[in-house]
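Here is how the chains run, residue by residue.
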Amino acid sequence: MKNFMNTNEVFPILDMINRERNKKNGIHLSGIGGYADQNNDYITDAWQIESLEIIRDAENEVDPHVISQVAIAYRNGASEMITLKRGLTPPIDSNLPDSDYINHILIREVVIETSYQLGTSVIQAKILRENDFGSIQRVELEYDDEHIQHSHTE
């Protein structure tokens, strides 16, 4: 198999999304324990994780153990659903090397929906790869209605 990102290693992608979100508003409203305020002070109390549930894709014909969603509940009442969209549509031909991986496992999109007291925020990250299934070339982020691109080469 080619040197692809680990099939369940979404944290580098989430880190990239959070860095772009921080640039956008100076506030990190989600994830993994806290947020940075306007003074770049890291505040953890309100956003401490209360519970975390990992949902696996039991219907995935290549690997039923891959992660499809992560549900996070925070102590402040906020919740977050991280959804991983996998595979290519339309799929590549089964004669190509790693076609099962590319068609069923490869992460192509991440959607983060955060619900908190002030409302709901949705971030969609489309992962653009070399030849549609190679190395990550760029990640396009959409924040609700705003469109931001972040280029990344491996």
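Residues numbered from 1 in each chain as written. Predicted model: local features only at pLDDT ≥ 70, side-chain atom pairs only at ≥ 80, totals over all residues. Heavy atoms only, no water.

> Outline a nonpolar patch on the surface, listing residues and values.
Judged by side-chain polarity, Ile49, Leu52 and Ile54 come together as a nonpolar surface patch covering roughly 240 Å² of accessible area. With respect to the element layout, Ile49 can be found in strand β3 (residues 49–56). The exposure class assigned to Ile49 is partly exposed, which follows from its relative accessible area of 34%. (Patch = residues over 30% accessible without salt bridge, like charges linked within 9 Å, V, L, I, M, F, W, Y side chains within 5 Å. Areas by Shrake-Rupley, 256 points an atom, 1.4 Å probe, with all protein chains shown as cover. Salt bridge = Lys/Arg side-chain N within 4 Å of Asp/Glu carboxyl O. Helix = DSSP H or I, 4+ residues; strand = E, 2+ residues; numbered from the N terminus. Buried < 20%, exposed > 50% of the residue type's maximum accessible area, 1.4 Å probe, protein only.)

> Account for the pairing of strand β5 (residues 79–86), naming residues and giving values.
Taking every second residue as pointing to the same face, the buried face of β5 carries Glu80, Ile82, Leu84 and Arg86, while none of Ser79, Met81, Thr83 and Lys85 on the other face is buried. Here strand β4 (residues 67–74) pairs with β5 via five bridges, running antiparallel. Among the inter-strand pairings, Gln69 is bridged to a residue of β5, identified as Thr83. Linking two consecutive strands that pair antiparallel, namely β4 and β5, is a turn of four residues; a positive phi of about 95° is found at Gly77 within it. As paired elements, β5 and strand β6 (residues 107–116) share eight bridges and run antiparallel to each other. Looking across to β6, one finds that Lys85 is bridged to Glu109. (Pairing = 2+ DSSP bridges.)

> For the side chain of Asn103, give the residues involved together with the corresponding values.
Of note, Asn103 is situated in helix α2 (residues 99–104). Owing to a relative accessible area of 14%, Asn103 belongs among the buried residues under this scheme. A polar side-chain atom of Asn103 sits 2.8 Å from the main-chain amide nitrogen of Ile92. In this view, Asn103 contacts Gly87, Leu88, Pro91 and Ile92; residues no more than four positions away in its chain are not counted. (Polar contact = N/O pair within 3.5 Å; in protein donor to acceptor, adjacent residues only side chain to side chain. Contact = heavy atoms within 4.5 Å.)

> Outline the pattern of salt bridges, listing residues and values.
Here the structure, examined in full by the defined rule, presents four salt bridges. A salt bridge links Glu140 to Arg138; the nearest nitrogen and oxygen atoms lie 3.2 Å apart. It is possible to trace a salt-bridge network through shared partners that takes in Lys85, Arg108 and Glu109.

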